[in-house]
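Observations on chain architecture
Listed here are the chains, written in short residue letters.
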Amino acid sequence: MHLSIQSKLPNVGTTIFTVISSLAAEHKAINLGQGFPDFLMDERLTSLVTAAMNNGYNQYVHMNGLPLLRERLAEKMHDLYGTDVDPEMQITITPGGTYAIYTAFTTILQKGDEVIVFEPAYDSYIPNIEVNGAVAIRLPLSFPDYRINWADVKNAINEKTKAIIINSPHNPTGSLLQEEDISALQEIVKDTGIFIISDEVYEHLIFDGKQHLSILKYPDLYERSFVCFSFGKAYHCTGWKLGYCVAPPALMKEFRKVHQFNCFTCNSPVQFALAEFITNKEAYLGLGNFLQSRRDHFSSAMRSTKFKPLPSYGSYFQLYSYADISDENEFDFAVRLTKEYGVATIPVSAFYKSPVENKVVRFCFAKKTATLEAAAEKLQKI
Ligand code: PMP
Ligand code: GLN
C-alpha cells in the first residue's frame with residue numbers, strides 16, 4: 001500500500017525560530033534569536049500554580065476558560081481600554097496567542113478568500129491562512145520605519161478580501177500602530193464586510209511613554225475584530241502557552257465552535273493562578289519600563305560594535321543593521337554569527353515570502369543584563 005499526503009502547506013519548512021534555536025544549542029551560542037525571556041518569572045505566580053494543583057484544581061474548567069479569569073480580564077480591559085466586554089460572550093481562553101489567531105482565521109475563512117498581511121509578517125500568519133484554503137495578499141511595510149502604506153491597502157481590497165491582520169507592537173520590528181493608522185483603517189473597512197484580526201500579544205511591552213492603541217478602544221473596529229493576547233508575554237512564561245481571544249458575541253459564537261473541537265479547554269491550575277495574580281496591576285503596568293531598560297542596556301553595550309540599531313518602540317525585539325559589516329544575505333549572516341561568534345539572531349528576511357534583504361537581524365533583548373553584555377562583548381569582535 002502506498003500512502004501519500006497531498007500537503008496542505010507544500011511550501012512550508014521548519015519555522016525560523018526552531019531552526020535558529022537548534023543551531024544556537026548546537027553551537028552553544030547566546031540565544032538572542034527566538035523571543036523568550038531568560039530571567040525568572042514572578043515567584044508569587046508559580047506558587048499560586050503549585051497551590052492550585054495541591055488544592056485539587058486539576059480537572060477541566062469550562063471550555064471557554066475559567067469564569068473568574070474571564071471576569072477579571074474583562075475588568076482589566078475596561079480599566080485599560082474603556083471597553084465593556086462581556087466575559088460570558090466575548091472572551092475565550094486559548095492555548096496561546098498563536099492558537100487564538102489560527103482559530104480566528106479558521107472561523108472566518110472560506111476557500112479563495114483573501115487576507116491582507118503586512119510583511120515582515122510573524123511567521124504563523126500566512127500558513128494559518130493557506131491551510132484554510134485562503135490566499136495571503138502580502139503588502140510591504142516601509143523600510144526603515146516599518147509603517148503601513150494605506151494607499152496600498154486600499155488598492156489591494158476587492159470583493160474577495162475577507163480580513164486584514166494587524167500586529168502592534170510589531171514582531172519583528174518593534175514598530176507601533178499610531179492614531180493615523182487607526183483612522184486610515186477605520187476609513188478603509190467602514191461599510192465593508194472585512195474582518196480584523198489584531199495580534200496584541202505585546203500590549204504591555206511598550207516604551208518611551210507611548211500608548212498601546214488596542215482595537216478594543218474603537219467600537220467601529222472592535223465590532224468586526226478578533227483581538228488576540230498572550231499571558232506568556234505578560235508574565236514571562238512563554239512556555240505556559242496560554243492566551244485569549246476577545247471578539248463580539250456573534251463572532252465569538254463561531255470561534256467557539258471551532259475551538260471546542262480542537263482543544264476544548266486549557267490547562268486549569270494555571271488559569272486558577274492567573275485569576276488571582278491578575279489583580280496585581282503592577283505586574284503588567286511595570287513591564288514597559290522594565291523591558292525598555294533592557295532595550296537600552298543592550299543598545300548601550302552594542303555601541304562598541306559595528307551594528308546600528310533601528311528604533312524599537314515595543315515588543316521584545318530590536319532590529320540592528322549589519323550593513324557596515326557584511327554583504328551577506330540575512331540568513332547566511334545570522335547563521336555565521338551563531339556559528340563563528342556565538343550569538344544567535346533572527347534574519348528578518350525570514351518574515352517575507354520573497355526575502356527582502358535590508359541587512360537587518362532581530363535581537364531579543366528580554367534577557368538578563370549579564371546575557372546582553374556577554375552577547376555584545378562577542379559581537380565587538382566582528
Ligand atoms: N504573535 C506574535 C507576534 C508573537 O510574537 C507571538 C509569540 N510567540 C505570538 C503571537 C504567540 O504567542 P503564544 O506563545 O502565546 O502563542
Ligand atoms: N514569538 C517568538 C518569536 O518571535 C517565538 C515563538 C515561536 O518560536 N513560535 O521569537
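All values derive from a computational prediction rather than experimental measurement.

Some details on the state of the cysteines
- Tallied over the entire structure, the rule returns zero disulfides.
- Of the cysteine sulfurs around Cys-237, a residue in no disulfide, the closest is that of Cys-266, at 13 Å.
- Cys-237 sits in the buried class, given a relative accessible area of 5%.
- Of all cysteine sulfurs in the structure, the one in Cys-263 sits closest to Cys-266, which takes part in no disulfide; the separation is 4.2 Å.

Regarding the sheet that holds strand β7 (residues 225-230)
- Here we have seven strands laid out as an open sheet, ordered β2-β8-β7-β6-β5-β3-β4, and mixed in their pairing. Looking at the sheet topology across the chains shown, the edges are occupied by β2 (91-94) and β4 (135-140). In this sheet, adjacent strand axes meet at a mean angle of 20° when their direction is disregarded.
- In this structure, strand β3 (residues 114-119) lies alongside strand β5 (residues 161-167), joined through four bridges in parallel fashion. The residue of β5 that forms the bridge with Val-115 is Ala-163.
- Sheet contacts for helix α3 (residues 67-81): β2 and β8 (243-246); angle to β2, the most-contacted strand, approximately 115°.

Observations concerning the side chain of Arg-70
- Assignment of secondary structure puts Arg-70 in helix α3.
- Buried charge without a partner: Arg-70 forms no salt bridge, and the closest opposite charge is Glu-88, 4.4 Å away.
- Here the side chain of Arg-70 touches Asn-64 through a polar contact of 3.3 Å, landing on its backbone oxygen.
- With residues up to four places along the chain from it excluded, the contact list for Arg-70 reads His-62, Asn-64, Gly-65, Pro-87, Glu-88, Ile-91, Ile-93 and Arg-256.

Some points on the site of ligand 2
- Taken together, the residues surrounding ligand 2 are Phe-17, Gln-34, Gly-35, Tyr-122, Asn-171, Tyr-202, Lys-233, Phe-317 and Arg-362.
- The contact in question runs from an oxygen atom of ligand 2 to an N or O atom on the backbone of Gly-35, over 2.6 Å.
- Here an oxygen atom of ligand 2 sits 2.8 Å away from a polar atom, N or O, in the side chain of Asn-171.
- Grouping the amino acids of the shell around ligand 2 by side-chain chemistry returns four nonpolar, three polar and two charged.

Side note on the packing of helix α1 (residues 16-26) against helix α15 (residues 330-341)
- Remark: α1 packs on α15, axes separated minimally by 9 Å, with the N-to-C direction vectors making an angle of 25°. In terms of axis orientation, α1 runs roughly parallel to α15. In this structure, α1 crosses over α15, and the sense of that crossing is right-handed. Taking contact as the criterion, the partners of Ile-16, Val-19, Leu-23 and Ala-24 in α1 are, on α15, Phe-331, Val-335, Thr-338 and Lys-339.
- Taken together, the residues of the contact of α1 with α15 break down into six nonpolar, one polar and one charged.

Remarks on the site of ligand 1
- In the vicinity of ligand 1 there are 13 residues, among which Thr-98, Asp-199, Tyr-202, Lys-233 and Lys-241 approach most closely.
- Contact distances for ligand 1 include 2.6 Å between a nitrogen atom and a side-chain N or O atom of Asp-199.
- Here an oxygen atom of ligand 1 and a side-chain polar atom of Lys-241 are 2.6 Å apart.
- Out of a free accessible area of 390 Å², ligand 1 has 93% covered by protein chains.

Focus: the nonpolar core
- Tyr-235 and Val-246 are the most contacted members of the largest nonpolar core, which has 68 residues in total.
- Apart from the residues within four sequence positions on either side, Tyr-235 is in contact with Met-41, Leu-45, Leu-274, Phe-277, Ile-278, Ala-283 and Tyr-284.

Focus on a negative patch on the surface
- Negative charge collects at one region of the surface, where Glu-71, Glu-75, Asp-86 and Glu-88 lie side by side.
- Note on placement: Glu-88 falls in helix α4 (residues 87-90).

Thoughts on the pairing of β4
- Bridging between β3 and β4 involves six bridges; their strand directions are parallel. Considered in β4, the bridge of Val-117 is made with Arg-138.
- Chirality of the crossover, the property in question, places the unit of β3, helix α6 (residues 125-130) and β4 among those that are right-handed.

A few points about the sheet that holds strand β10 (residues 317-321)
- Strand order across the open sheet formed by four strands is β9-β10-β13-β12, with antiparallel pairing between neighbours. Among the strands making up the open sheet, the edge pair consists of β9 (308-309) and β12 (346-347).
- Both β9 and β10 contribute to a ladder of two bridges, which runs antiparallel. What sits directly across from Pro-309, in β10, is Tyr-320.

Re the packing of α3 against helix α12 (residues 268-277)
- One can describe the packing of α3 onto α12 by two numbers: an axis separation of 8 Å at closest approach and a directional angle of 35°. In terms of crossing hand, the pair formed by α3 and α12 is left-handed. Across the interface between the two elements, Leu-68, Leu-69 and Arg-72 of α3 pack against Gln-271, Leu-274, Ala-275 and Glu-276 of α12.
- Its residues assigned to classes, the contact of α3 with α12 shows four nonpolar, one polar and two charged.

A short note on the packing of aromatic side chains
- Inspection of the entire model under this criterion finds 23 aromatic pairs.
- The rings of Phe-298, Phe-307, Tyr-320, Tyr-322, Phe-333 and Phe-363 are connected pair by pair, giving a single aromatic cluster.
- The ring of Tyr-284 has Lys-76 sitting right over it, with the charged end atom 4.1 Å from the ring centre.
- One Lys or Arg, Lys-367, reaches over the ring of Phe-36 and ends 3.7 Å from the middle of that ring.

Conventions adopted
- Residues numbered from 1 in each chain as written.
- Chains lettered and ligands numbered in written order.
- Predicted model: local features only at pLDDT ≥ 70, side-chain atom pairs only at ≥ 80, totals over all residues.
- Heavy atoms only, no water.
- Disulfide = S-S within 2.5 Å.
- Buried < 20%, exposed > 50% of the residue type's maximum accessible area, 1.4 Å probe, protein only.
- Pairing = 2+ DSSP bridges.
- Helix = DSSP H or I, 4+ residues; strand = E, 2+ residues; numbered from the N terminus.
- Axes fitted to C-alpha atoms, helices over the stretch in contact; angles between N-to-C directions.
- Contact = heavy atoms within 4.5 Å.
- Lys, Arg positive; Asp, Glu negative; His and termini not counted.
- Salt bridge = Lys/Arg side-chain N within 4 Å of Asp/Glu carboxyl O.
- Polar contact = N/O pair within 3.5 Å; in protein donor to acceptor, adjacent residues only side chain to side chain.
- Near = heavy atom within 4 Å.
- Nonpolar A, V, L, I, M, F, W, Y, C, P; charged D, E, K, R; others polar.
- Parallel < 35°, antiparallel > 145°, perpendicular 65-115°, else oblique.
- Left-handed = near helix turned anticlockwise from the far one by under 90°.
- Areas by Shrake-Rupley, 256 points an atom, 1.4 Å probe, with all protein chains shown as cover.
- Core = buried A, V, L, I, M, F, W, Y, C linked by side-chain atoms within 4.5 Å.
- Patch = residues over 30% accessible without salt bridge, like charges linked within 9 Å, V, L, I, M, F, W, Y side chains within 5 Å.
- Charge placed at Lys NZ, Arg CZ, Asp CG, Glu CD.
- Right-handed = clockwise from strand over helix to strand, strands pointing away.
- Phe/Tyr/Trp six-rings, centres within 6.5 Å; stacked < 30°, edge-to-face > 60°.
- Lys NZ or Arg CZ within 6 Å of the ring centre and 35° of its normal.

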